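# Structural characterization, general
For reference, the chains in residue letters:
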Amino acid sequence: MTFDPSHLRPATRLVHGGVQRTHHGETAEALFLTSGYVYDDAEQAEATFAGKIEHYQYSRFANPTLSMLEQRLCLIEGAEECRTMATGMAAVNAALLSHLKAGDRVVASRALFGSCHWIVSTLLPKFGITADFVDGGDLAQWQQALSRSANLVLLETPSNPMLELVDLPAVAALAHAAGAIVVVDNVFATPLLQQPLKLGADVVVYSCTKHMDGQGRVLGGAVLGSKKWIDDVLQPFIRNTGPALSPFNAWVILKGIETLALRVDAAGRSAAAVADFLAEQPGITRVWYPMRADHPQQDLALKQMTGGGTVVTFEVAGGKDGAFKVMNGFQLIAVSNNLGDSKSLATHPATTTHMRIGEAERAKLGITDGVIRVSIGLEDVEDIKDDLRRALNLL
Ligand SMILES: *Cc1c(COP(=O)(O)O)cnc(C)c1O
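Quick notes on the rules
Residues numbered from 1 in each chain as written. Predicted model: local features only at pLDDT ≥ 70, side-chain atom pairs only at ≥ 80, totals over all residues. Heavy atoms only, no water. Domains from an automatic or database assignment. Contact = heavy atoms within 4.5 Å. Buried area = accessible area lost by both parts, 1.4 Å probe. Salt bridge = Lys/Arg side-chain N within 4 Å of Asp/Glu carboxyl O. Polar contact = N/O pair within 3.5 Å; in protein donor to acceptor, adjacent residues only side chain to side chain. Helix = DSSP H or I, 4+ residues; strand = E, 2+ residues; numbered from the N terminus. Buried < 20%, exposed > 50% of the residue type's maximum accessible area, 1.4 Å probe, protein only. Patch = residues over 30% accessible without salt bridge, like charges linked within 9 Å, V, L, I, M, F, W, Y side chains within 5 Å. Areas by Shrake-Rupley, 256 points an atom, 1.4 Å probe, with all protein chains shown as cover. Lys, Arg positive; Asp, Glu negative; His and termini not counted. Charge placed at Lys NZ, Arg CZ, Asp CG, Glu CD. Near = heavy atom within 4 Å. Nonpolar A, V, L, I, M, F, W, Y, C, P; charged D, E, K, R; others polar. Pairing = 2+ DSSP bridges. Axes fitted to C-alpha atoms, helices over the stretch in contact; angles between N-to-C directions. 1 Å grid on protein atoms, 1.4 Å probe; cavity = no way out; pocket = protein on both sides within 12 Å on 5 of 7 lines; lining within 4 Å. Points joined across faces, edges and corners; volume = space filled by probe spheres on them. Left-handed = near helix turned anticlockwise from the far one by under 90°.

Interface size is often expressed as the accessible area that is lost when the parts come together. Assigned domains within the chain: domain 1 (8–257) and domain 2 (260–392). Just the C-alpha atoms count here: the centres of domain 1 and domain 2 sit 27 Å apart. Facing the 38 residues of domain 1 at the interface are 34 residues of domain 2. Of the roughly 3000 Å² buried between domain 1 and domain 2 on both sides combined, carbon and sulfur atoms contribute 62%. For arginine 110, the salt bridge identified is with glutamate 361, shortest N-O distance 3.4 Å. Linking domain 1 with domain 2 are 18 residue pairs in polar contact (both at pLDDT 80 or more). For the side of domain 1 that touches domain 2, the secondary-structure elements that each account for two or more residues are helix 1 (10–16), helix 7 (168–177), helix 8 (190–193) and helix 10 (247–257). Here the side of domain 1 that touches domain 2 takes 4 residues from helix 8, the largest share from any one element.

Structure below.
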């Protein structure tokens, strides 16, 4: 018997969602580390392939541990269906390539994760799919780009690393009128702080590598949407191209998700406190955090998010030299390009994650040489502040 927690609150769904106990009655979710499945007889195999009975066939198509993770993600996102994949990028790639064909047109926000930007600007055009980029925070640019017909809109809100927001209901209305589906990369918000499907999006993608594992162990990705789109469009693509998630990694993510609400809440509270702290420090020229009164889109943040998230971005005086001095002065906060970890991590986007997009594109996104992104972890917030204070004193 599967217990149905769909009427219960989000934190409860994160612990109980999707559990399929075997006859052994195990407490924790079972790890089905198996590539294939056997049938009672040839007739059962025939009926399975004919779609007459439900039976696992091969772990490239489906696996019970992955099914548990997928059902749990559906429950917290409020989605009909979910498929998990080996990485966040495999998820984005599958969502895009399964839906698009030669001659199609994509409109995307400029402030995309680097590899998402590469798929749209470099990979898709090789297959005859054109792409236009807009400044995600500027509705007039969306309006103009979507005054012609389009097939798919890809956006990220809040964006990496400048935490710029996109007005989801407004852009979804424009996209639908243009004939496009809306795909939202919801990594920075997590399903706890923003639920794009309820705000008009059609498909949501995640890197489970970030807050869902949340402890820096495994890679994973997920795509969520309507049952019809997943069954008809996405499932045939992943079944035949093979971006499958390892059952072991799915199991690690399942256990990570049990504490997602606790971790995102704690790290989010610390991030808000760190943003307020940084705004008071000498040597800092600007702080970006979605819920702060000085964020240019605070109203929108309050409308479509229930928290500002776990990342704080700030700019120090002195450009790259200043930023490197501060980053090299951290003792607790580690220099990394990752985020969404229990350990606080600092990134200098201009020389790492956003190095490849070039200076002109960085200027358009507001990524100056003095910008530092900090993903706040689960350490005591006073220790994080002490580390920042010590490093900023080096300026
Ligand atoms: C990390 C990340 C991805 C890619 O995820 P991987 O699991 O590293 O492949 C995509 N989008 C955003 C916003 C990310 O932070």
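What follows is about the environment of cysteine 116. Tracing the sequence through the fold places cysteine 116 in helix 5 (residues 114–126). Among the residues examined, cysteine 116 registers a relative accessible area of 2% and is labelled buried. Residues within four places of cysteine 116 in sequence aside, it is in contact with Met89, Val92, Leu154 and Asp185.

To continue, consider a negative patch on the surface. Together, Asp40, Asp41, Glu43 and Glu46 give the surface a local cluster of negative charge. Looking at where glutamate 43 falls in the secondary structure, it is placed in helix 2 (residues 42–49). When its relative accessible area of 56% is taken as the criterion, glutamate 43 is described as exposed.

Before going further, it helps to spend a moment on the site of the ligand. The local shell around the ligand consists of Thr87, Gly88, Met89, Phe113, Glu156, Asp185, Val187, Ser207, Thr209, Lys210 and Gly220. Note that an oxygen atom of the ligand is positioned 2.9 Å from one of the backbone N or O atoms of glycine 88. A distance of 2.6 Å is found between an oxygen atom of the ligand and a side-chain nitrogen or oxygen belonging to threonine 209. Contact with the protein chains hides 92% of the accessible area of the ligand, taken as 380 Å² for the molecule alone. Among the residues making up the shell around the ligand, the classes are represented as 3 nonpolar, 5 polar and 3 charged.

On to the pattern of salt bridges. Summed over the entire model, instances satisfying the criterion amount to 20 salt bridges. Residues arginine 83 and glutamate 81 are paired through a salt bridge, measuring 3.0 Å at the closest nitrogen-oxygen approach. Glutamate 81 sits in the buried class, given a relative accessible area of 19%. The salt bridge partner of lysine 364 is glutamate 361, with a shortest N-O separation of 3.7 Å. Of this pair, lysine 364 and glutamate 361 both sit in helix 14 (residues 358–365), 3 residues apart, which is roughly one turn of that helix. Judged by its relative accessible area of 52%, lysine 364 falls in the exposed class.

Taken in spatial order, the 5 strands line up as 8-9-12-11-10 in an open sheet, and their pairing is mixed. The open sheet has two edge strands, strand 8 (284–288) and strand 10 (334–335), and neither has a second partner. Bridging between strand 9 (residues 311–316) and strand 12 (residues 371–375) involves 5 bridges; their strand directions are antiparallel. Bridge pairing in strand 12 places valine 312 opposite valine 374. Of the strands in this sheet, strand 9, strand 10, strand 11 (345–347) and strand 12 touch helix 13 (residues 319–329), which is tilted by about 130° from strand 9.

Turning next to the layout of surface pockets. Considered as a void within the structure, the largest pocket measures approximately 850 Å³ in volume. Taken together, 34 residues form the lining of the largest pocket, with Glu54, Phe61, Ala62, Arg83 and Gln235 sitting closest to its centre. By residue class, the composition of the lining of the largest pocket is 15 nonpolar, 10 polar and 9 charged. Approximately 380 Å³ is the volume attributed to the second largest pocket. Along its surface, the second largest pocket is lined by 18 residues, and Phe113, Gly114, Ser115, Thr352 and Thr353 are the ones closest to its centre. Of all the elements, helix 5 adds the most residues to the lining of the second largest pocket, at 6 residues. For the lining of the second largest pocket, the per-class residue count stands at 4 nonpolar, 11 polar and 3 charged. Here the lining of the second largest pocket spans two domains, since at least three of its residues come from each of domain 1 (8–257) and domain 2 (260–392).

Interhelical geometry of helix 3 (residues 64–77) versus helix 10 gives an angle of 35° and a closest axis separation of 8 Å. In this structure, helix 3 meets helix 10 at a crossing whose hand is left-handed. Residues Thr65, Leu66, Met68, Leu69, Arg72 and Leu73 of helix 3 pack against Pro247, Ala250, Trp251, Ile253, Leu254 and Ile257 of helix 10. Considering only residue class, the contact of helix 3 with helix 10 consists of 10 nonpolar, 1 polar and 1 charged.

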